[in-house]
Structure formats: C-alpha cells, structure tokens
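# Observations on the three-dimensional arrangement
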Amino acid sequence: MDIKRVMVIGAGQMGGGIAQVCAQSGFDVILNDISEASYERGLRVIDKNLARSVEKGRMSEEEKSAALGRITKSTDLSDAKDADIIIEAAVEKMEIKQSIFRQLDGIAPEHAILATNTSALPITEIAAVTKRPGQVIGMHFMNPVPVMKLVEIIRGLATEDGVYEAVEDMTRKLSKTPVEVNDYPGFVSNRVLMPMINEAIFTLYEGVATKEDIDEVMKLGMNHPMGPLQLADFIGLDTCLYIMEVLQEGFGDPKYRPCPLLRKYVNAGWLGKKSGRGFYVYE
Ligand SMILES: CC(=O)CC(=O)SCCNC(=O)CCNC(=O)[C@H](O)C(C)(C)COP(=O)(O)OP(=O)(O)OC[C@H]1O[C@@H](n2cnc3c(N)ncnc32)[C@H](O)[C@@H]1OP(=O)(O)O
Ligand SMILES: NC(=O)C1=CN([C@@H]2O[C@H](COP(=O)(O)OP(=O)(O)OC[C@H]3O[C@@H](n4cnc5c(N)ncnc54)[C@H](OP(=O)(O)O)[C@@H]3O)[C@@H](O)[C@H]2O)C=CC1
C-alpha cells in the first residue's frame, strides 16, 4: 500500500514531532487537535525545531517552508476521510483512544490504516472497537521524535502482514529504524524503561538520595543521557503514571505498583516539563 496522506491526532509533544518528521520526509500531513489553541501551540514547536535545523545548516529556508506547507490544520476528525494512515497521539487513556478509533473507523477510507502511538495500552483492545482490526497497529515513536531513531511497531492480535509491511516501509521513509514487537503491556520499551523510572521515584520517596544525586548516579554511572527523574519530567509524569497503571493492571503483578509520590505529583498537576514543574522546576 502506498501511503501519501497522513493524519496525526494530537498536536502535543509526540503528535507535533510525528507531524514534523512526516512533513520533512515529504508526506502530506493533516494535524488534528481538539482546539485551535492546542494546534497552534503544536505548530509553534514544529516551527521552532525547523528553524533550529536551518540555523544549524541541516535544512534550507525553502525546505523549511516546504515542510510547513505540507501540514494542514484540523480540529475535526471528519478530516480523516482523506488520509491513508491515521497516527493517533492523544492522551494515554484507553477510553479516549477507543472513542477516537470508533469514530475514525466510520470516517477513514476503507483502505486506511489506523495506527496508535500509545506507550503501553493494548493494541488489540483498541482494535476491537473497530470493524477493521486487521488494519490497526501500534506505531510507537520515541521522544524527542525528530532525534530518536527507533519506532517500535506493535502487531495487534489481528494485524495483517500487509499492514505491518506498509508501516515498516513508512518508518524507513521517515529515516527511522523499525523494531517489531508483539502486543503485551508496555511492549518492550516501556516494560523495561518505566519500572526503572518508577524505582528511581521510590528511591527519592524513601529518602535514599536527593533527586539530583539519583540522576547523577544514572548519568555518570550508567552513561544514560538523562537521569531517570529528569527523563520522567521530559516524558510527562501523567504519561509515566498511566504506563505504570497499564503494567500493573495488564500483568496483575504488584511489582508494577506506581510510586505514591508519582501519583501525588500528577494529582497536583505537576506533570513535568510540559506543565513547568515536576521533579524539577522549568522556566
Ligand atoms: C515514554 C515512551 O513511550 C517512550 C519514550 O519516548 S521514552 C523516552 C526516550 N527518550 C530518551 O530516553 C531521551 C534521553 N535523552 C537524550 O537522548 C538526550 O538528552 C536528548 C537527545 C533529548 C538531548 O540531547 P543533549 O545532547 O542532552 O542535548 P542537546 O545538545 O541540546 O541536543 C542534542 C540534539 O537533539 C536535538 N534536540 C534536543 N531536544 C529536542 C527536541 N525536544 N526536539 C527536537 N530536537 C531536539 C538538538 O537540537 C540537538 O541536535 P543537533 O545535535 O543536531 O544540534
Ligand atoms: N511523552 C512521551 O515521551 C511519549 C508519549 N507517547 C504517547 O503519545 C501520546 C501523546 O503523549 P504526549 O504527546 O506526550 O502528550 P501531550 O499531553 O503532550 O499531548 C497530547 C495532545 O493530545 C491532545 N488531545 C487530547 N485529547 C484529544 C482528542 N480527543 N483528540 C485530539 N487531540 C486530543 C491534547 O490537547 P490538549 O492539550 O488541548 O488537551 C494534547 O495536545 C500518549 O499516548 C503517550 O503515551 C509515546 C511515546 C513517548
């Protein structure tokens, strides 16, 4: 299947990044969010990232304008009628994703692939609300999307081979590396990463060390580019909590219990970098 027109749902940190790399790679992109304000916020970030690439000499001013020109605004899901693939990157809540997929199934062309950038939610359960479970797939980009090379591609129980191959081909066109995984909670990436982050939060909660020192141990001792608490802030503490909840519920194993401090911060609205405060305070 030849994918030309991409719709991205959600213009947050992930959706914006996905829209940017798709537009840079020559795809026509419909970028959708629930409000004009959220769309504009997403587009500003894309504009800033592209401007940085121009400054660094990686892209010309003309290429930047061409990439921006390939992105069209949408605040209405009915715009999915023109898309070959829809990549959903709204919040990490099953009921929101299922509601979006149910609607998309009624709007998108018959051939269209419905992909989700979920961090951990079961693809099979999202696919089950549609009449085309064979065309539903996980396309899990990493943050920051323009920089990170991996796309974890998750096959739901019913995902067809042709759909997997089309998504793998598109991933390569985005200059990313696809890795195929099966549909289990957290897939590979977050099953391994998130318990480490949660454990770092427990370490802080129990007063083993300061946040700075916990991060320093992992940066200098394990060569991680960011400490786990800084990375949690970067991912979004709400997203981290939802992922731990998916692991805990999906495996029924208490070892995945989210740290109470993580829950407390999320309840306080301290969502990390995107809200200006998490474990650290941001300007
Ligand atoms: C939760 C999930 O479901 C899955 C996930 O995504 S988990 C999160 C996975 N991501 C990570 O683990 C990221 C860990 N952190 C890192 O790799 C690095 O700290 C980082 C790439 C984010 C920044 O790297 P750094 O060397 O500390 O900073 P910096 O020099 O400013 O940036 C390096 C490059 O990335 C670019 N960059 C940094 N942040 C960026 C962003 N948000 N958007 C676009 N580009 C960005 C910079 O422009 C710079 O590019 P050049 O070298 O070409 O100039
Ligand atoms: N953060 C990360 O590191 C990673 C996250 N992911 C996954 O990507 C998805 C998005 O995460 P992220 O970008 O970080 O989150 P953000 O909170 O940055 O962005 C979510 C965006 O979706 C919008 N939105 C919410 N509900 C809807 C809806 N019904 N229709 C359209 N748009 C909607 C929000 O708008 P508004 O702000 O107006 O509410 C917001 O712009 C999640 O599933 C997450 O698990 C995957 C990989 C890495």
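Figured I'd write up the structure that's included with this text. (Residues numbered from 1 in each chain as written. Chains lettered and ligands numbered in written order. Predicted model: local features only at pLDDT ≥ 70, side-chain atom pairs only at ≥ 80, totals over all residues. Heavy atoms only, no water.)

Direction vectors running N to C along helix α7 (residues 189-205) and helix α11 (residues 260-267) enclose 90°, while the axes themselves pass 8 Å from each other. Taken together, α7 and α11 sit at an angle that is classed as roughly perpendicular. Residues Asn198, Ile201, Phe202, Leu204 and Tyr205 of α7 pack against Pro260, Leu261 and Leu262 of α11. For the contact of α7 with α11, the class distribution of residues is seven nonpolar, one polar and no charged. (Axes fitted to C-alpha atoms, helices over the stretch in contact; angles between N-to-C directions. Helix = DSSP H or I, 4+ residues; strand = E, 2+ residues; numbered from the N terminus. Parallel < 35°, antiparallel > 145°, perpendicular 65-115°, else oblique. Contact = heavy atoms within 4.5 Å. Nonpolar A, V, L, I, M, F, W, Y, C, P; charged D, E, K, R; others polar.)

Quick look at the site of ligand 2 now. Taken together, 26 residues form the shell around ligand 2, and within it Asp33, Ser38, Glu92, Ser119 and Ile235 come nearest. The contact in question runs from an oxygen atom of ligand 2 to an N or O atom on the backbone of Met14, over 2.9 Å. Take Lys274: an N or O atom from its side chain is 3.2 Å from an oxygen atom of ligand 2. Alone, ligand 2 offers 900 Å² of accessible surface; in the complex the protein occludes 84% of this. (Near = heavy atom within 4 Å. Polar contact = N/O pair within 3.5 Å; in protein donor to acceptor, adjacent residues only side chain to side chain. Areas by Shrake-Rupley, 256 points an atom, 1.4 Å probe, with all protein chains shown as cover.)

A complete count under the given rule lists 15 salt bridges for this structure. Arg132 is the partner of Asp105 in a salt bridge, and the nearest nitrogen-oxygen pair spans 2.7 Å. Taken together, the residues span a long stretch of sequence, with Asp105 in helix α4 (residues 94-107) and Arg132 in the loop between α5 (123-127) and β6 (136-141) at a distance of 27 residues. Overall, the relative accessible area of 14% leaves Asp105 in the buried class. Residue classification places Arg132 among the buried positions, given a relative accessible area of 9%. Put simply, Glu212 and Lys211 hold a salt bridge, and the shortest N to O gap is 3.6 Å. Accessibility expressed as a relative area gives 40% for Glu212, which makes it partly exposed. (Salt bridge = Lys/Arg side-chain N within 4 Å of Asp/Glu carboxyl O. Buried < 20%, exposed > 50% of the residue type's maximum accessible area, 1.4 Å probe, protein only.)

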